[in-house]
Amino acid sequence: SQQGEEDPQALSIQEGENATMNCSYKTSINNLQWYRQNSGRGLVHLILIRSNEREKHSGRLRVTLDTSKKSSSLLITASRAADTASYFCATVLSGGYNKLIFGAGTRLAVHP
Amino acid sequence: DGGITQSPKYLFRKEGQNVTLSCEQNLNHDAMYWYRQDPGQGLRLIYYSQIVNDFQKGDIAEGYSVSREKKESFPLTVTSAQKNPTAFYLCASSPGTSGNTIYFGEGSWLTVV
């Protein structure tokens, strides 16, 4: 079974709006990473947040991590049409090798 | 430019044939990975390698084989034993130690005809 589960599965918004995607996981982690994938392309790394961190920012992206709830969220502010993509969270388990376990992703559509 | 190069981008395989997907990285990363992605799904780990001449099975290794003879290369062979090989295959690499970012190539599409 997958370690990370994203919610919602699909999200449709207008340009300028904020987009929030959530990720839940089941077991203790070393870190959690968010990736973006444009259709038919490879994955682009967005942010890595470690288990002892609660929030990280990168440009218009904000990631939070709540280890007590085993959940993370990705917020994209002031969205643009170019943000249209699938977004995946992936976890690296505690004490384990650097192996990413992916969820099924959230498909984000940003309309002009 | 530094990065991960996968080839070919598109590959068609006849049933019963073995095919090999190439993955080369010039990032000087110790660890390399192969993932499979089916339409609308997340990624599943096929094989990974921490160092040269060493590799480990991932979650869906059956019907696949790999080699790691050089640090920069990690080819994946999809054998005829893989019953449903049509998918998008992604190669990745990382510095190796736990907690590092994993970087991905652009992927290869494999279709069985």
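Residues numbered from 1 in each chain as written. Chains lettered and ligands numbered in written order. Predicted model: local features only at pLDDT ≥ 70, side-chain atom pairs only at ≥ 80, totals over all residues. Heavy atoms only, no water.

A. Region of interest: the interface of chain A and chain B. Counting residues at the interface gives 23 residues for chain A, matched by 28 residues for chain B. The contact between chain A and chain B buries some 1900 Å² in all, and 49% of this surface belongs to carbon and sulfur atoms. Inspection of the region where chain A meets chain B yields one salt bridge. Of the charged contacts in the structure, one is a salt bridge between Glu106 of chain B and Arg41 of chain A, with a shortest N-O distance of 2.4 Å. Taken together, the elements giving at least two residues each to the side of chain A that touches chain B come down to strand 4 (29-37), strand 5 (43-50), strand 9 (85-93) and strand 10 (100-102) of chain A. Counting residues per element, the side of chain A that touches chain B draws most heavily on strand 4 of chain A, which supplies five residues. (Contact = heavy atoms within 4.5 Å. Buried area = accessible area lost by both parts, 1.4 Å probe. Salt bridge = Lys/Arg side-chain N within 4 Å of Asp/Glu carboxyl O. Helix = DSSP H or I, 4+ residues; strand = E, 2+ residues; numbered from the N terminus.)

B. Region of interest: the state of the cysteines. Tallying each qualifying case throughout the model produces two disulfides over all chains. Each sulfur in the disulfide pair Cys23 of chain A and Cys89 of chain A lies 1.9 Å from the other. Taking the sign of the S-S torsion, about 65° here, the bridge from Cys23 of chain A to Cys89 of chain A comes out right-handed. On the criterion of sequence distance, the pair formed by Cys23 of chain A in strand 3 (residues 19-24) and Cys89 of chain A in strand 9 is long-range, its members being 66 residues apart. A sulfur-sulfur separation of 1.9 Å characterises the disulfide bridge that pairs Cys23 of chain B with Cys91 of chain B. Between Cys23 of chain B and Cys91 of chain B, the S-S torsion sits near -75°, and that sign places the bridge as left-handed. Taken together, the residues span a long stretch of sequence, with Cys23 of chain B in strand 3 (residues 19-25) and Cys91 of chain B in strand 9 (residues 87-94) at a distance of 68 residues. Just as Cys23 of chain B is buried, Cys91 of chain B falls in that class too. (Disulfide = S-S within 2.5 Å. Buried < 20%, exposed > 50% of the residue type's maximum accessible area, 1.4 Å probe, protein only.)

C. Structural detail: the sheet that holds strand 1 (residues 5-7) of chain A. Residues and elements named next belong to chain A. The five strands lie next to each other as 1-3-8-7-6, forming an open sheet whose pairing is antiparallel. The sheet is open, and its two edges are formed by strand 1 and strand 6 (55-58), each paired on a single side. Sheet twist, expressed as the mean angle between neighbouring strand axes with direction ignored, is 15°. Bridge count for strand 6 against strand 7 (residues 61-66) is four bridges, and the pairing is antiparallel. Looking across to strand 7, one finds that Lys56 is bridged to Val63. (Pairing = 2+ DSSP bridges. Axes fitted to C-alpha atoms, helices over the stretch in contact; angles between N-to-C directions.)

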